[in-house]
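Architecture at a glance
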Amino acid sequence: MATPSKLPNETTPPPLTRRRLLTSAAMAASMLPLAQGTWAQVAPGDLPDGPVPFSYDRLSDEMKTLSQQPYTAERVTDSFLTGLDYDDYRSIAFRPERARGTADAAPFRLQAFHMGWLFTEPVRLFEISGNQARPMIFSSDDFDYRGDLAARVPAHFDLPGVAGFRLHYALNRPDIMDELIAFLGASYFRALGRGNTYGASARGLAVNTGATSGEEFPRFSRFYIDRGTDPSRIVVYAAMESDSLTGAYRFEIVPGRNTTIGVTARLFLRKDISVLGVAPLTSMFLYSEKNRAAFDDYRPNVHDSDGLKVLRAGGDILWRPLNNPARLAGSFLSEESPIGFGLMQRDRDFANYQDAEAHYEERPSIMVRPRGDWGKGFVRLLEIPTDLETNDNIVAFWVPEAPAKAGDSLEFNYDLIWGALPENDEAELAHVFETRAGHGGVSGTPHDGATRKFVVDFRGGIIAQLPADDENLAPVVDVNGGTISHMHHEKLPNTNDWRIVVDIAPSGDGPVEISGHFAGYDRKLSEVWIYQWVRA
């Protein structure tokens with residue numbers, strides 16, 4: 001599982017490096033075998049000569065009509081583009097002075113990603129003015145080609161499309177245009193809140209992710225950029241295409257401390273889909289305190305996200321620490337009308353990462369907030385084993401209970417909130433601050449080879465004010481697939497944190513599902529910590 005390349009905040013893009021391209025390469029490679037149906041060759045002349053009528057409803061009608069036809073993938077045949085290899089691609093950079101919107105000092109400025117190497121399917125961009133859309137033409141004049149590649153570039157060569165694009169905005173300082181959001185590869189995109197660096201990503205849709213039939217990657221084939229008249233926001237429309245469906249998307253992007261993207265997704269199904277993943281999020285988790293022993297690394301933690309958070313309609317909050325399991329693992333969290341779910345990066349202390357290059361403490365959390373009633377379904381979490389931090393191995397998305405059938409027209413509305421999203425220590429419910437794990441039994445004595453110890457610390461909430469000897473406060477721990485051999489709780493010295501310690505012995509070969517929280521005074525007093533122990 002992979003996502004677009006991880007790019008820093010910057011005023012001008014640096015040369016591409018192997019580390020920055022690894023995830024893009026893996027994602028593009030994974031998509032290539034999945035293009036199905038017939039192929040259509042394209043050229044710059046395939047774009048309209050002038051403006052064409054546009055509205056979101058018009059785009060939706062077009063994609064609905066298109067869903068009644070077989071999927072036709074696109075590819076280019078120009079030898080310059082098809083001949084670009086990895087080394088060539090990393091030698092290409094967009095010229096910042098050629099960014100669209102620079103000439104009129106627009107608050108949002110657009111730079112394109114070049115086609116070629118593994119990005120072989122053209123993406124077309126249009127700019128909206130009023131109720132019309134005009135093609136945005138990019139050529140070799142918009143890019144720098146360094147080294148030996150420069151001599152092979154056709155002069156004033158009009159590209160048949162681009163690989164994607166990014167928007168820049170004065171997010172952190174009024175005098176610097178930071179990268180705000182990037183759309184690159186399939187339907188992937190990444191955004192930033194103030195003070196963030198790129199980490200977790202989102203997708204327009206996940207199709208058959210984790211299904212035995214194999215995953216399909218719908219792609220955004222066209223984008224329509226509407227700068228409008230409000231300098232604080234921008235609207236992007238997108239056409240989605242794949243073998244199984246088409247779609248029309250609307251993204252209203254409002255940058256800030258927490259950048260909010262209001263999403264409307266209208267889907268038109270060509271085929272039955274076994275797993276329809278709505279509002280999918282993708283991230284990386286390599287290790288933390290609970291599994292660090294498997295990695296010989298000076299850094300205490302390596303992850304873009306450390307947990308899945310679910311806000312339930314009844315007021316409960318679930319916290320599922322992420323894991324890098326020994327084998328593919330999946331969790332299904334049944335919900336009805338959820339308030340939200342997201343992949344979070346709670347640990348914001350540099351000392352817990354010690355990585356002065358990656359700055360994992362600055363990676364954004366992403367919360368999905370449904371608009372309207374999504375009804376019954378489940379939040380699905382997939383955790384994929386990995387040995388490398390360049391692999392995005394975590395996926396979370398919503399799956400509606402109703403089957404997704406050919407001919408269906410579906411609409412989903414939600415907000416994506418990107419930012420640090422810190423927990424409120426003054427909230428009523430304590431939140432999970434840390435999860436640790438290791439051999440069960442008494443420390444310093446031989447391990448019995450079977451039990452495992454889980455140590456969960458809770459911070460904030462009402463319980464922070466309770467005395468250490470409060471007899472009304474107690475942990476509630478449930479285990480499925482194992483038995484508790486020891487459990488105790490305590491208030492930690494010199495802090496207001498409370499700890500649950502539990503030793504668990506598995507009762508079979510399957511995963512062990514564990515949940516725990518604090519309760520007292522006839523109420524729940526913390527988040528519900530849930531965990532899946534998958535043994536090698």
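See the structure above.
**Examining the overall build of the protein**
- Along the protein, the regular secondary structure elements total 4 helices and 36 strands.
- Here the C-alpha atoms of the protein give a radius of gyration of 24 Å, agreeing with the 24 Å that 2.2 N^0.38 yields for 536 residues.
- Over its C-alpha atoms, taken along the principal directions, the protein stretches across nearly 75 × 50 × 45 Å.
- Across the 536 residues that make up the protein, the buried fraction comes to 57%.

**Thoughts on the sheet that holds strand S32 (residues 482-491)**
- The strand order across the open sheet built from 4 strands is S29-S30-S33-S32, with neighbouring strands paired in antiparallel fashion. Taken across any chain shown, the strands that pair with only one partner, and hence form the sheet edges, are strand S29 (431-439) and S32. Put simply, the sheet's adjacent strands are angled 15° from each other on average, direction ignored.
- Looking at chain direction, strand S30 (residues 452-459) and strand S33 (residues 498-506) are connected through 7 bridges and run antiparallel. Within S33, the residue paired with valine 456 across the bridge is isoleucine 500.

**Thoughts on helix H2 (residues 56-66)**
- The set of residues buried in H2 consists of Tyr56, Leu59, Ser60 and Met63. For H2, the buried positions fall inside an angular range of 100° around the axis, keeping them on one side.
- Buried residues along H2 sit in contact with strand S14 (219-226), strand S15 (234-241), strand S16 (245-254) and strand S17 (259-269).

**With respect to the pattern of salt bridges**
- Scanning all chains against the criterion turns up 36 salt bridges.
- The salt bridge partner of arginine 227 is aspartate 104, with a shortest N-O separation of 3.6 Å. Within this pair, whereas arginine 227 is found in the loop between S14 and S15, its partner aspartate 104 is found in the loop between strand S4 (92-94) and strand S5 (109-113), the two being separated by 123 residues in sequence.
- Judged by its relative accessible area of 25%, arginine 227 falls in the partly exposed class.
- Between arginine 346 and glutamate 527 there is a salt bridge, and its shortest N-O distance comes to 2.5 Å. You can see arginine 346 sitting in the loop between strand S24 (340-344) and strand S25 (365-370) and its partner glutamate 527 sitting in the loop between strand S35 (523-524) and strand S36 (528-533), a full 181 residues away along the chain. Accessibility classification places arginine 346 together with glutamate 527 in one group, the buried group.

**Quick look at the side chain of aspartate 392**
- Following the sequence through the fold, aspartate 392 ends up in the loop between strand S26 (376-383) and strand S27 (394-400).
- For aspartate 392, a relative accessible area of 0% puts it in the buried group.
- There is a polar contact of 3.0 Å between the side chain of aspartate 392 and the side chain of arginine 190.

**What about unusual backbone geometry?**
- Look at alanine 279: it is not a glycine, yet its phi comes out positive at around 50°.
- The backbone phi angle of tyrosine 521 is positive, close to 55°, even though this residue is not glycine.
- One can find tyrosine 521 in the loop between strand S34 (512-520) and S35.
- Since its relative accessible area comes to 45%, tyrosine 521 is described here as partly exposed.

**Here's the deal with the nonpolar core**
- Counting 89 residues, the largest nonpolar core has Phe223, Tyr249, Phe251, Ile261 and Leu416 as its most contacted members.
- In contact with tyrosine 249, not counting residues within four places along its chain, are Tyr56, Gly204, Leu205, Phe220, Val236, Tyr237, Ala238, Met240, Val263, Thr264, Ala265 and Leu267.
- In this structure, Ile417, Val456, Trp498 and Leu525 belong to the second largest nonpolar core, which totals 28 residues.

**Regarding the environment of tryptophan 533**
- Along the polypeptide, tryptophan 533 turns up in strand S36.
- With a relative accessible area of 9%, tryptophan 533 lands in the buried category.
- Setting aside chain neighbours within four positions, we find tryptophan 533 in contact with Ala450, Arg452, Phe454, Ile504, Pro506, Pro511 and Val512.

**What about the pairing of strand S7 (residues 132-135)?**
- Covered by surrounding structure in S7 are Ala133 and Pro135 only, the residues Gln132 and Arg134 on the alternate face being uncovered.
- Here strand S2 (residues 52-53) runs beside S7; their pairing, made up of 2 bridges, is antiparallel. Counted as the bridge partner of valine 52 is alanine 133 from S7.
- Judged from the 4 bridges that link them, strand S6 (residues 124-129) and S7 form a sheet pairing that is antiparallel. Bridge assignment links glutamate 127 to a residue of S7, and that residue is arginine 134.
- The hairpin turn running from S6 into S7, its antiparallel successor, is 2 residues long, and glycine 130 in that turn takes a positive phi close to 65°.

**A word on the packing of aromatic side chains**
- One pass over the structure, following the stated rule, counts 36 aromatic pairs.
- Each member of the aromatic cluster is reached from another via a ring pair, and the members are Phe165, Phe183, Phe189, Phe220, Phe223, Tyr249, Phe251 and Trp418.
- Looking at arginine 346, its charged tip hangs above the ring of tryptophan 319, at a distance of 3.6 Å from the centre.
- It is arginine 535 that lies over the ring of tryptophan 533; its NZ or CZ is 5.6 Å from the centre.

**Some remarks on the side chain of asparagine 291**
- The topology assignment puts asparagine 291 in the loop between strand S19 (285-287) and strand S20 (302-303).
- Here asparagine 291 falls in the buried class, since its relative accessible area comes to 14%.
- A polar side-chain atom of asparagine 291 sits 3.2 Å from the main-chain carbonyl oxygen of leucine 286.
- Apart from residues no more than four positions distant in its own chain, asparagine 291 is found in contact with Phe285, Leu286, Asn323 and Asn324.

Rules used throughout
- Residues numbered from 1 in each chain as written.
- Predicted model: local features only at pLDDT ≥ 70, side-chain atom pairs only at ≥ 80, totals over all residues.
- Heavy atoms only, no water.
- Helix = DSSP H or I, 4+ residues; strand = E, 2+ residues; numbered from the N terminus.
- Rg over C-alpha atoms; globule rule 2.2 N^0.38 Å.
- Buried < 20%, exposed > 50% of the residue type's maximum accessible area, 1.4 Å probe, protein only.
- Pairing = 2+ DSSP bridges.
- Axes fitted to C-alpha atoms, helices over the stretch in contact; angles between N-to-C directions.
- Arc of directions from axis to C-beta.
- Contact = heavy atoms within 4.5 Å.
- Salt bridge = Lys/Arg side-chain N within 4 Å of Asp/Glu carboxyl O.
- Polar contact = N/O pair within 3.5 Å; in protein donor to acceptor, adjacent residues only side chain to side chain.
- Core = buried A, V, L, I, M, F, W, Y, C linked by side-chain atoms within 4.5 Å.
- Phe/Tyr/Trp six-rings, centres within 6.5 Å; stacked < 30°, edge-to-face > 60°.
- Lys NZ or Arg CZ within 6 Å of the ring centre and 35° of its normal.

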